[in-house]
Amino acid sequence: MAKKYQNFINGKWVDAKSGKTFENRNPANWDELIGTFPKSGIEDVNEAVAAARKAFEKWRLVPAPKRGEIMKKVGDILVARKEEIATLMTREMGKVLMETRGDVQEGIDTAYYAASETRRLFGHTVPSELPNKFNMSIRIPIGVAGVITPWNFPMAIPTWKIFPAIVCGNTVVFKPASDTPATATLLVEILAEAGVPEGVVNIVHGGGGEVGMGIVNHPDVDLVSFTGGTDVGIKISEAAAKTLKRVSLELGGKNAVIIMDDADLDLALEGVIWGAFGTTGQRCTATSRLLLQEKIYDKFMDMLVKKTKSLKLGNGLYPETQVGPCVNEGQRKSVHSYVEIGLSEGAKLVCGGKFATDGELSKGWFYEPTIFENVNPNMKIAQEEIFGPVLSVIRFKNLEEAIDIVNGTIYGLSSSIYTRNVNDAFLAIRDIKAGITYINAPTIGAEAHMPFGGVKKTGNGHREGGWTVYDFYTEWKTVYVDYSGRLQKAQIDT
Ligand code: UN1
């Protein structure tokens, strides 16, 4: 019997008020049911927000280092249960075990960073312009945070949002993607086990329309953090404007790797394969465009196609598997529709381009790793986020032209250049319009203690990760202490 999962509201596991449920199946094998989950509605959201609001009044008064002690425990439990979580995650969304272990590790790193940050959370003290007066600015918690997360990093991304939110003294209503509700539930169980008090973190399962937008529209939710598609991000931003919520958006990408003639091609090959086909291309940081300089074009294409054809698809639990399935039927269809668009635009398909259905693969959403060449930078396959194992290859003459191509999309998340020329590396750092630039490394591989996010339509200016995310989850209070014993008038008593 598959497990029956529940919402967690005010410290209690409960069904959706409507009693409705939805199923979650293994994308590598549809016959395997992971569990059933509550299909919640606005009444469940309301209850979770009320619980979070009530819990906030106590939680905000707990000294930050005490909140940090709980966070340290969360990290320790994640370490102890890493293998169990990674296995469940692979069954639930398909990426290979090595990667799901990495996903949990990102959560562990985020936990320990958050724990240590509770002994900093620095403010500023600055001199006053008046005598016997003291000026400082301090960070204060904001209130109830709505956290809406995608399925491609079912542990890492929720931890990037929930951990800084709660160590700053906020409380959380968490809506995970409906493709990865089991991993999300484990995370909430672990938070409770580590001693996070009731109501501080609540999870409400269900669809984006009802639960997600229910959170965004709720007048008692003060801030929303969302990772997902750009279209949805814009809708969230518009809706949240009505209640003047603070919103952090991590949206699409169309990340490119530039390979210069002088690059170490073996190193670049490994990076491109990992960036384009790791997580089956389902990362917002995935390598989706490959720019090859003229002289190495043919040689690198040969190496790339050979390697790509050798990739082993399969169930991510098997040690020999290198590429797992797409997460669900809709995603695989969408990937295939982009392949059809590429063909109709006149790009040349050099490998892949179809469902992978041999043997055991016939029961999962597998898609062959796909490469297009002769891609014009303006084609749809070179402009739109595909979120699957499809790589578009573009030829260029010089660095200036390459950087123009890289910058020629609406997105600006990750980017990379392979070169041995330090001058070219620094020109790329200066001129590529992206939140992240890698030198001699692929477009994926962000570390938890560094700012993460993008420019242009990849986001709205906030950063996750590192020290920067703490600006999102706190409000500044400015404090003046006048110890002169008389009325001092700023700007007037000069
Ligand atoms: C994402 O793709 O949504 O850098 C996040 C990386 C990961 C995080 C990716 N550490 O690819």
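Basis of the calculations
Residues numbered from 1 in each chain as written. Predicted model: local features only at pLDDT ≥ 70, side-chain atom pairs only at ≥ 80, totals over all residues. Heavy atoms only, no water. Helix = DSSP H or I, 4+ residues; strand = E, 2+ residues; numbered from the N terminus. Buried < 20%, exposed > 50% of the residue type's maximum accessible area, 1.4 Å probe, protein only. Contact = heavy atoms within 4.5 Å. Areas by Shrake-Rupley, 256 points an atom, 1.4 Å probe, with all protein chains shown as cover. Lys, Arg positive; Asp, Glu negative; His and termini not counted. Charge placed at Lys NZ, Arg CZ, Asp CG, Glu CD. Near = heavy atom within 4 Å. Polar contact = N/O pair within 3.5 Å; in protein donor to acceptor, adjacent residues only side chain to side chain. Domains from an automatic or database assignment. Buried area = accessible area lost by both parts, 1.4 Å probe. Salt bridge = Lys/Arg side-chain N within 4 Å of Asp/Glu carboxyl O. 1 Å grid on protein atoms, 1.4 Å probe; cavity = no way out; pocket = protein on both sides within 12 Å on 5 of 7 lines; lining within 4 Å. Points joined across faces, edges and corners; volume = space filled by probe spheres on them. Nonpolar A, V, L, I, M, F, W, Y, C, P; charged D, E, K, R; others polar. Pairing = 2+ DSSP bridges. Axes fitted to C-alpha atoms, helices over the stretch in contact; angles between N-to-C directions. Parallel < 35°, antiparallel > 145°, perpendicular 65-115°, else oblique. Left-handed = near helix turned anticlockwise from the far one by under 90°. Phe/Tyr/Trp six-rings, centres within 6.5 Å; stacked < 30°, edge-to-face > 60°. Lys NZ or Arg CZ within 6 Å of the ring centre and 35° of its normal.

We now examine the overall build of the protein. When helices and strands are tallied, the protein shows 15 helices and 20 strands. Taking the principal axes of the C-alpha coordinates as reference, the protein spans close to 80 × 65 × 40 Å. Buried positions account for 56% of the 494 residues belonging to the protein. Across the protein, the fraction of contacts at a sequence separation of at least 24, relative to all contacts at a separation of at least 6, is 74%. Carbon and sulfur atoms make up 53% of the accessible area of the protein, which totals about 20500 Å². Where the 56 positive side-chain charges of the protein centre and where its 58 negative ones centre are 4 Å apart.

As a matter of local geometry, the ligand sits amid Glu-106, Asn-152, Phe-153, Ile-157, Trp-160, Arg-283, Cys-284, Thr-285, Ile-444, Gly-445, Ala-446 and Phe-452. In the environment of the ligand, an oxygen atom lies 2.7 Å from a nitrogen or oxygen atom belonging to the side chain of Arg-283. Here Ala-446 contributes a backbone N or O atom positioned 2.6 Å from an oxygen atom of the ligand. For the ligand, whose unbound accessible area comes to 320 Å², protein coverage reaches 98%.

Turning next to the domain arrangement of the protein. Annotation of the protein at the domain level lists domain 1 (3–251 + 459–478) and domain 2 (255–439). On the side of domain 2, 27 residues touch domain 1, which itself brings 22 residues to the contact. It is Trp-30, Glu-99 and Trp-151 that lose the most area in domain 1 upon contact with domain 2, and together they represent 27% of the buried surface on that side. Scanning the region where domain 1 abuts domain 2 turns up 2 salt bridges. For Glu-99, the salt bridge identified is with Arg-283, shortest N-O distance 3.7 Å. Viewed at the interface, domain 2 and domain 1 are joined by 7 residue pairs in polar contact (both at pLDDT 80 or more). Those elements that provide at least two residues to the side of domain 1 that touches domain 2 are β5 (29–38), α3 (82–93) and α4 (97–117). By residue number, the principal contributor to the side of domain 1 that touches domain 2 is α3, which donates 4 residues.

Another point: empty space enclosed by the protein. Counted by the stated rule, this structure contains 3 cavities of 30 Å³ or more. Of the voids in this model, the largest cavity is the one considered here, and its volume is about 90 Å³. As for the largest cavity, its lining consists of 13 residues, and the residues nearest its centre are Gly-281, Ala-286, Ser-288, Ile-386 and Phe-387. Residues of the lining of the largest cavity, tallied by class, amount to 5 nonpolar, 6 polar and 2 charged.

Empty pockets left among the atoms are what a rolling probe the size of a water molecule brings to light. Approximately 680 Å³ is the volume found for the largest pocket. Around the largest pocket, the lining comprises 30 residues; the ones closest to its centre are Pro-150, Trp-151, Phe-226, Gly-228 and Gly-229. Residue assignment for the lining of the largest pocket shows that the elements contributing at least two residues are α7 (208–217), β11 (223–227), α8 (230–241) and α11 (329–345). At 4 residues, the largest contribution of residues to the lining of the largest pocket is made by α11. Of the residues that make up the lining of the largest pocket, three or more belong to each of domain 1 (3–251 + 459–478) and domain 2 (255–439).

What the 3 strands build is an open sheet, ordered β6-β7-β20; its pairing is antiparallel. Of all the strands in the sheet, just β6 (124–127) and β20 (474–482) have a single pairing partner and so form its edges. Along the sheet, successive strands turn relative to each other by an average axial angle of 20 degrees, direction set aside. Relative to strand β7 (residues 133–141), β6 runs antiparallel, the two sharing 4 bridges. Among the inter-strand pairings, Val-126 is bridged to a residue of β7, identified as Asn-135.

What follows concerns the packing of helix α13 (residues 399–407) against helix α14 (residues 422–431). Between α13 and α14, the shortest axis-to-axis distance is 11 Å and the interhelical angle comes to 30 degrees. Judged on the interaxial angle alone, α14 and α13 are roughly parallel. Judged by the sense of rotation from one axis to the other, the crossing of α13 with α14 is right-handed. Between α13 and α14, the contacting residues are Leu-399, Ile-403 and Asn-407 on the first element and Asp-424, Leu-427, Ala-428 and Asp-431 on the second.

Time to look at unusual backbone geometry. Note on backbone geometry: most residues besides glycine have negative phi, and most peptide bonds are trans. One non-glycine residue with positive phi stands out, namely Thr-279, at about 55 degrees. Among the structural elements, Thr-279 can be located in the loop between α9 (265–277) and β14 (287–293). For Lys-456, which is not glycine, the phi torsion reads 55 degrees and is therefore positive. Relative to the helices and strands, Lys-456 is located in the loop between β19 (436–439) and α15 (469–472).

What follows is about the pairing of strand β4 (residues 21–26). Note: β4 against β5, 6 bridges, orientation antiparallel. In the strand pairing of β5, Glu-23 is matched with Thr-36.

With that out of the way, let us pick up the packing of aromatic side chains. Under the definition given, this model contains 9 aromatic pairs. An angle of 55 degrees between the planes, with centres 4.8 Å apart, marks the rings of Trp-160 and Phe-452 as tilted. Residue Trp-160 is located in helix α5 (residues 156–167), and its partner Phe-452 is located in the loop between β19 and α15; the two are separated by 292 residues in the primary sequence. Look at Phe-472 and Tyr-473: their rings are 4.9 Å apart centre to centre, the planes differ by 85 degrees, and that puts the pair in the edge-to-face class. Like Phe-472, the residue Tyr-473 is buried in the burial classification. The positively charged end of Lys-95 is found above the aromatic ring belonging to Phe-153, 3.7 Å away from the centroid. Its end group placed over the ring of Tyr-113, Arg-120 keeps NZ or CZ at 5.9 Å from the ring centre.

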